[in-house]
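Residue strings, one per chain:
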Amino acid sequence: MRTAARTAALASGGLIALCVAILLTDYAIASRRGPKDDQLIKAEQEQVKSDAALAPKLAGEQKRITAARLARKSRDNAIAWLLILASAVFLTAAKRVVKKSLPHGRGSDRDTGSQPLVPSRDRQGAIPAPPQIDLFFVDELVAREGRGKEAAIILLQAIQSHYRYLPDEALHRLCELTEITPAEVAGTSSFYGQFRRSPVGKHVVRVCHGTACHVAGARQITEELRRHLKIPEGADTDAERLFTVDEVACLGCCSLAPVLTVDGHTSGRLTPATACHALAPFAETEPA
Ligand code: FES
């Protein structure tokens, strides 16, 4: 298992390096050729003004340059998606390799005494289906906010606010409808901490890891909540998508440390056991 994870990490790492190299090469070629092509077209346009017989040649050049640019853009888009995919595989495989390397890592049998990585099931024994993605919202949003790259953050914020995370399907549609490329979506969504790439649970638990709460045992509280909710390593949401556990900076009520909030409701002076009790009033509701 560990060998497979290591092989996957190495393969995806190589693929990432290859994709980055191709994208950089394309960028360098485009930067060098773009101005030259523009100059060529400009010069031929001047010639056509004095000699109309050169018009077909100009049209041919324009066609060739446009086709080359479109081909490069399509290739770069495909490589960007491949890069995102390879990055996801690499992160997953690398986490498995690191986890297997730790003798008593979180999520091991020693911590749980059972099989915590198996997704929990609902009352009928079935794993909840993923939420439906209604792409009509993206169509309307783009029609309202515009197709330009300058609207990228506003569009991503609106998508996140609507779906409570950034679904892949919505991002695909966004790239189809706008001038924003998959690489730009990936860069922006990973740069700003406000954006989530995985579904959020119905209730969001924010455990404060500011200085006062950290000293008072925030780490143990987070670990106990994750164990209690059987949240797998590398994830932040339980399998039923009822709770998402986030670690956040100071919540501004340090005198109550350690503190957490559930959907904005604050509980303080917690222990690992009482932290789990704080979730109880929210635990009976339906998943997101
Ligand atoms: S450090 Fe936790 S509320 Fe301030």
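As a starting point, this report considers the structure included with it.

Quick notes on the rules
- Residues numbered from 1 in each chain as written.
- Predicted model: local features only at pLDDT ≥ 70, side-chain atom pairs only at ≥ 80, totals over all residues.
- Heavy atoms only, no water.
- Helix = DSSP H or I, 4+ residues; strand = E, 2+ residues; numbered from the N terminus.
- Buried < 20%, exposed > 50% of the residue type's maximum accessible area, 1.4 Å probe, protein only.
- Contact = heavy atoms within 4.5 Å.
- Areas by Shrake-Rupley, 256 points an atom, 1.4 Å probe, with all protein chains shown as cover.
- Pairing = 2+ DSSP bridges.
- Axes fitted to C-alpha atoms, helices over the stretch in contact; angles between N-to-C directions.
- Arc of directions from axis to C-beta.

**Things to note about the overall build of the chain**
Here comes step 1: When you go through the chain residue by residue, the secondary structure sums to 10 helices and 4 strands.
Here comes step 2: Helices and strands in the chain line up, N terminus first, as α-α-α-α-α-α-α-β-α-α-β-β-β-α.
Here comes step 3: Split into buried and exposed, the 288 residues of the chain put 33% on the buried side.
Here comes step 4: Expressed as a percentage of contacts within the chain between residues at least 6 apart in sequence, the contacts between residues at least 24 apart total 68%.
Here comes step 5: Just so you have it, the chain exposes about 16900 Å², and 59% of that area is on carbon and sulfur atoms.

**Concerning the pairing of strand 1 (residues 203-208)**
Here comes step 1: By the criterion of burial, strand 1 is predominantly enclosed, with 5 of the 6 residues buried.
Here comes step 2: Of the strand pairs in this sheet, strand 1 and strand 3 (residues 260-262) are connected by 3 bridges, and their pairing is antiparallel. Each residue of the ladder has a partner; that of Val205, found in strand 3, is Val262.

**Structural notes on the sheet that holds strand 4 (residues 265-267)**
Here comes step 1: Taken together, 4 strands build an open sheet; the order of strands is 2-1-3-4 and the sheet is mixed. At either end of the open sheet lies a strand with only one pairing partner, and these are strand 2 (243-248) and strand 4. Taking each pair of neighbouring strands and ignoring which way they run, the sheet shows an average axis angle of 25°.
Here comes step 2: Contacts from helix 9 (residues 218-229) reach strand 1, strand 2 and strand 3 within the one sheet, and its direction differs from that of strand 1 by about 155°.
Here comes step 3: This element, helix 10 (residues 272-279), spans strand 1, strand 2, strand 3 and strand 4 of the sheet and lies at about 15° to strand 3.

**Focus on helix 6 (residues 168-177)**
Residues that lie three or four places apart on an α-helix share one face, since the helix turns once every 3.6 residues.
Here comes step 1: Of the positions making up helix 6, those classed as buried are Ala170, Leu171, Leu174 and Cys175. An end-on view of helix 6 places all buried positions within 135° of arc, on one side of the element.

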